[in-house]
Amino acid sequence: MMTQDTKAAHVQRVFSQIAKHYDVMNSVLSFYQHKLWRRFAMRHVGLEVGGTALDVACGTGDWTLALAKRTGPTGRVVGIDFCQEMLDVAKNKVDKRGWNGRPIELMNGDAMALPFEANSFDVATIGFALRNVPDILTVLREMTRVVRQGGKVVSLELSKPEFPPFRALYYLYFNHLLPWIGAAAVKKKEPYAWLPESLRNFPDRKGLEALFREAGLKHVRSYPLTGGIAALHVGTKVED
Ligand SMILES: C[S@@+](CC[C@H](N)C(=O)[O-])C[C@H]1O[C@@H](n2cnc3c(N)ncnc32)[C@H](O)[C@@H]1O
């Protein structure tokens, strides 16, 4: 059983090892589904031109870039991650795509203690990272704290398929084949052995909904994606 500190150190090591391969592997291992999931998620973030967004655990920055595309040059989008190697890939991407004129800020920081004042953003997103943080509720509370009243907290994350025959088939792939493909591609066992392990103790879709509510969010909705392989959760910060 990992402690919060050992989990954080483990996760940092895993992502520093795969940062350069992360985008390609994401597409291969999810059969390009993650692009469709992100597009679906963008329809639910409720962000407008000139808006402000925080992308927590932004990794290589795909969601950060999508958010900035939505807010436009008058908005503010901050991507934060505690793995510098992942942030370096994000920075290259931002530079290469000519987004320098856009208001994207990338910073190294911890999702467990966000370095922002309360009510700073319209939206806080987290993509494929709640599984990886030391304490899900702490992170959701932090995200809730930094969004304004009426603002949204949005998570896109792997989940647990509910239909038993599909779940059995999927777990065969996810628990056995995927770590093997991952290890062969990056020539290291540890990073892709972590992927199924990180889902094992993670709540299912309804369980994560309950954590959104416990974090103080209202109007909580969740959407299963691709048979429940992934799920989108959206909650709104509303004064009691
Ligand atoms: C699977 S990647 C997801 C990256 C990106 N959000 C995406 O959607 O592709 C998980 C990311 O979470 C980051 N992460 C995990 N725990 C974190 C924490 N406590 N604080 C900041 N970043 C964290 C990792 O460094 C990694 O970049």
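Residues numbered from 1 in each chain as written. Predicted model: local features only at pLDDT ≥ 70, side-chain atom pairs only at ≥ 80, totals over all residues. Heavy atoms only, no water.

Let us look at the overall build of the protein. Tallying secondary structure elements over the protein gives nine helices and seven strands in all. The C-alpha atoms of the protein give 17 Å as radius of gyration, which agrees with the globular expectation for 240 residues (18 Å, within 12%). Expressed along its principal axes, the backbone C-alpha trace of the protein runs to roughly 45 × 40 × 35 Å. Relative to its full complement of 240 residues, the protein shows a buried share of 54%. Taking all contacts inside the protein whose residues are at least 6 apart in sequence as the whole, residues at least 24 apart take part in 73%. Per element, the accessible surface of the protein, about 11,400 Å² overall, is 56% carbon and sulfur. Considering the protein, the positive charge centre built from 32 side chains and the negative charge centre built from 24 side chains are found 7 Å apart. (Helix = DSSP H or I, 4+ residues; strand = E, 2+ residues; numbered from the N terminus. Rg over C-alpha atoms; globule rule 2.2 N^0.38 Å. Buried < 20%, exposed > 50% of the residue type's maximum accessible area, 1.4 Å probe, protein only. Contact = heavy atoms within 4.5 Å. Areas by Shrake-Rupley, 256 points an atom, 1.4 Å probe, with all protein chains shown as cover. Lys, Arg positive; Asp, Glu negative; His and termini not counted. Charge placed at Lys NZ, Arg CZ, Asp CG, Glu CD.)

Turning next to the site of the ligand. Near the ligand, the surroundings consist of 19 residues, among which Tyr22, Ala57, Asp81, Ala111 and Gly127 are the closest. One nitrogen or oxygen atom from the side chain of Tyr22 is found 2.8 Å from an oxygen atom belonging to the ligand. Notes on the ligand: free accessible area 590 Å², of which the protein chains cover 98%. The residue makeup of the shell around the ligand, split by class, is twelve nonpolar, four polar and three charged. (Near = heavy atom within 4 Å. Polar contact = N/O pair within 3.5 Å; in protein donor to acceptor, adjacent residues only side chain to side chain. Nonpolar A, V, L, I, M, F, W, Y, C, P; charged D, E, K, R; others polar.)

As a further point, take the packing of helix H7 (residues 164–186) against helix H8 (residues 190–200). Any two packed helices are characterised by the angle at which their axes cross and by the distance between the axes. Here H7 crosses H8 at 150°, and the two axes come no closer than 7 Å. The pairing of H7 with H8 is recorded here as roughly antiparallel in orientation. Contact residues: Phe174, Asn175, Leu178, Pro179, Gly182, Ala183 and Val186 in H7; Tyr192, Ala193, Leu195, Pro196, Leu199 and Arg200 in H8. Partitioning the contact of H7 with H8 into residue classes produces ten nonpolar, two polar and one charged. (Axes fitted to C-alpha atoms, helices over the stretch in contact; angles between N-to-C directions. Parallel < 35°, antiparallel > 145°, perpendicular 65-115°, else oblique.)

With that settled, consider the state of the cysteines. Under the criterion given, the structure shown has zero disulfides. Take Cys58: it sits in no disulfide, and the sulfur closest to it among the cysteines is that of Cys83, at 10 Å. Under the relative-accessibility criterion, Cys58 is labelled buried at 7%. (Disulfide = S-S within 2.5 Å.)

Moving on, we get to helix H9 (residues 205–214). Among all positions of H9, only Arg205, Leu208, Glu209, Leu211 and Phe212 are buried. Angular distribution of buried residues about the axis of H9 spans 160°; they occupy a single face of the element. Considering only its buried residues, H9 is in contact with helix H6 (136–146), strand S5 (147–158), strand S6 (218–225) and strand S7 (230–236). Gly216 lies just past H9 and shows a positive phi near 100°. (Arc of directions from axis to C-beta.)

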